[in-house]
Amino acid sequence: MKKLSYTLAVGWMAALLCTGCTRQQPVQEISLKEALADKFLIGVAINSTQAAGRDTAATRIIRQHFNSIVAENCMKSEVIHPEEDRYDFTLSDQFVEFGEANDMYIIGHTLIWHSQLSPWFCVDEAGKNVSPEVLTERMRDHIHTIVGRYKGRIKGWDVVNEAIEDDGSYRKSKFYEILGEEFIPMAFRLAQEADPDAELYYNDFSMAHPGKREGVVRLVKQLQERGIRIDAVGMQGHMQLDFPTVEAFEESMLAFAATGVKVMITELDMTVLPSPGQHVGANVEARFGYEKAMNPYPEELPEDVSGLWNDRMDDFFKLFLKHRAIVSRVTLWGVADSDSWRNDWPMEGRTDYPLLFDRNHQPKPVVYQVIYD
């Protein structure tokens, strides 16, 4: 079927919802995971309320449409390892059990990341950087303990997250300050030791920037040359209405695939809101004071903007389908618009519309465009 326009897709949705109503029979709901079954995994990040089954509207969508899940926050260092001698697996166990109960491909996120990092991890009691030897041992304990606990249950790990800047240089994180470039190969080695069968990924945002593209390709090749396994590059899909171009994103997809690793589209969402600053990317640490002009759609999204959003999201799904030979997974960063981190980032109090399902947990037209194209 040729591409459905936004208007046609809306009409198609209405027709689907009316189908069979005269016979008073339930409408057969259509599944993204069924439509994409022979293409790639379709995944979603879930929060702890959803993993516990308390958000029933969201869990219905998760079970119906997705065959892979990733931990949104419960496996980040500050949650799962809040103190040096204490782990808290309460939420992460619940997340894994939800995935297993629903026969899903489970992804762990994330082992080594400079942000949402437990405050103690890289410093001593005086707040000074620990020695390379101490940080190495802390990384070993952290990775071996967490990956080892879920050995054979979690299928893949975001081992290192967001370590490369847009210009291709290394982010000057605490890990880099103390261990230099070596912290990345070290993390991958430790993860492989803990579960030799789990897939290992490098994950980052703004991957369409030429500098970051080259830096990540260089990193992958360096790991490979040292015999350190890396199975995939995760391209965070935090899109805007005007960035990146489909062509630039495609160029990065092909560049990463040329190294021999899989390509995964991770953290996919698309903001309709203006950016309050330059070069923000998806840096969660970026913060700005509230400005009304930066929150143009507090009540609802105008139809013309909604149409632009749907068509652009459809263009990216067409790109992923075009390259399904190299794309193994596409994961949305949240279930419905109300769940999205973008509502309060990088400015609290904003209302965004970045996901495939709206605040009423209804599919947007692009869902049907993806299914029926």
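Fair warning: this is a prediction, and the values are worked out from it, not measured in the lab.

1. With respect to the overall build of the protein
Helix and strand counts for the protein stand at 13 helices and eight strands. Taken over the C-alpha trace, the protein has a radius of gyration of 21 Å; the compact-globule value for 373 residues is 21 Å, and the two agree within 12%. With the C-alpha coordinates of the protein rotated into their principal frame, the extents come out at 70 × 45 × 40 Å. With an accessible surface of roughly 16,000 Å², the protein has 50% of that area assigned to carbon and sulfur atoms.

2. Quick notes on the environment of Lys-292
With respect to the helices and strands, Lys-292 occurs in the loop between strand E7 (262-270) and helix H12 (303-322). Its relative accessible area of 69% is what places Lys-292 among the exposed residues. Taking the C-alpha atoms as reference points, Lys-292 and Leu-223, separated by 69 residues in sequence, lie 46 Å from one another.

3. A few points about the sheet that holds strand E3 (residues 105-113)
With parallel pairing, eight strands are arranged side by side around a closed barrel as E1-E2-E3-E4-E5-E6-E7-E8. Each neighbouring strand pair of the sheet contributes to a mean axis angle of 30°, computed without reference to strand direction. Direction of pairing for E7 relative to strand E8 (residues 327-332): parallel, over a ladder of four bridges. Looking at E8, one finds that Ile-265 is bridged to Val-330.

4. Considering the packing of aromatic side chains
Under the criterion given, the structure shown has 10 aromatic pairs. Look at Tyr-87 and Phe-89: their rings are 5.6 Å apart centre to centre, the planes differ by 5°, and that puts the pair in the stacked class. An angle of 40° between the planes, with centres 6.3 Å apart, marks the rings of Phe-316 and Phe-320 as tilted. Residue Phe-316 and its partner Phe-320 are both found in helix H12; the two are separated by four residues, about one turn of the helix. What makes Phe-316 buried here is its relative accessible area of 0%. In this structure an aromatic cluster arises from ring pairing among Trp-120, Phe-121, Phe-175 and Phe-183. Above the plane of the ring of Phe-89 lies Arg-149, whose end atom (NZ or CZ) is 4.1 Å from the centre. Across from the ring centre of Phe-205, 4.2 Å away, lies the NZ or CZ of Lys-212, which sits over that ring.

5. Structural notes on the pattern of salt bridges
All told, the structure shown has 18 salt bridges when counted by the stated rule. With a closest N to O distance of 3.4 Å, Arg-138 and Glu-84 form a salt bridge. Of this pair, Arg-138 sits in helix H7 (residues 132-149) while Glu-84 sits in the loop between helix H5 (77-80) and helix H6 (90-101), and the two are 54 residues apart along the sequence. Through salt bridges with shared partners, one network takes in Asp-166, Asp-204 and Lys-212.

6. Things to note about helix H4 (residues 56-65)
Residues of H4 that are buried include every one of Ala-58, Thr-59, Ile-61, Ile-62, Gln-64 and His-65, and no others. Check the buried side of H4 and you find it contacts helix H2 (32-35), strand E1 (41-46), helix H3 (48-51), strand E2 (68-71) and H6.

7. Brief notes about the confidence of the model for the protein
Taken as a whole, the protein shows an average pLDDT of 92; of its residues, 90% reach a score of 70 or greater. Of the regions scoring below 50 in pLDDT, residues 14-28 engages in seven contacts with residues more than four places distant in sequence or in other chains.

8. Thoughts on the side chain of Glu-199
Mapped onto the elements of the fold, Glu-199 is located in strand E5 (residues 199-204). A distance of 2.7 Å separates polar atoms of two side chains, one belonging to Glu-199 and the other to Tyr-201. At 2.5 Å, the side chain of Glu-199 and the side chain of Lys-262 are in polar contact. Apart from the residues within four sequence positions on either side, Glu-199 is in contact with Tyr-105, Lys-155, Gly-156, Trp-157, Arg-229, Asp-231, Lys-262 and Met-264.

9. Concerning unusual backbone geometry
Across the junction of His-109 and Thr-110, the peptide omega takes the value 0°, indicating a cis bond. Assignment of secondary structure puts Thr-110 in strand E3. Between Phe-243 and the following residue, Pro-244, the backbone shows a cis peptide bond with an omega angle of -5°. Relative to the helices and strands, Pro-244 resides in the loop between strand E6 (232-239) and helix H11 (246-257). With phi around 55°, Asp-103 is a residue other than glycine that occupies positive phi space. Following the sequence through the fold, Asp-103 ends up in the loop between H6 and E3. Residue Ser-206 is not a glycine yet carries a positive backbone phi of 55°.

10. A look at the packing of H11 against H12
At a minimum axis separation of 11 Å, H11 and H12 run at an interaxial angle of 25°. On the basis of their axis angle, the class for H11 and H12 is roughly parallel. Crossing hand, H11 versus H12: right-handed. Touching Val-246, Phe-249, Glu-250 and Met-253 of H11 are Asp-315, Phe-316, Leu-319, Phe-320 and Lys-322, all from H12. Each residue belonging to the contact of H11 with H12 can be placed in one class, and the counts come to six nonpolar, no polar and three charged.

Rules used throughout
- Residues numbered from 1 in each chain as written.
- Predicted model: local features only at pLDDT ≥ 70, side-chain atom pairs only at ≥ 80, totals over all residues.
- Heavy atoms only, no water.
- Helix = DSSP H or I, 4+ residues; strand = E, 2+ residues; numbered from the N terminus.
- Rg over C-alpha atoms; globule rule 2.2 N^0.38 Å.
- Areas by Shrake-Rupley, 256 points an atom, 1.4 Å probe, with all protein chains shown as cover.
- Buried < 20%, exposed > 50% of the residue type's maximum accessible area, 1.4 Å probe, protein only.
- Pairing = 2+ DSSP bridges.
- Axes fitted to C-alpha atoms, helices over the stretch in contact; angles between N-to-C directions.
- Phe/Tyr/Trp six-rings, centres within 6.5 Å; stacked < 30°, edge-to-face > 60°.
- Lys NZ or Arg CZ within 6 Å of the ring centre and 35° of its normal.
- Salt bridge = Lys/Arg side-chain N within 4 Å of Asp/Glu carboxyl O.
- Contact = heavy atoms within 4.5 Å.
- pLDDT = per-residue confidence, 0-100.
- Polar contact = N/O pair within 3.5 Å; in protein donor to acceptor, adjacent residues only side chain to side chain.
- Parallel < 35°, antiparallel > 145°, perpendicular 65-115°, else oblique.
- Left-handed = near helix turned anticlockwise from the far one by under 90°.
- Nonpolar A, V, L, I, M, F, W, Y, C, P; charged D, E, K, R; others polar.

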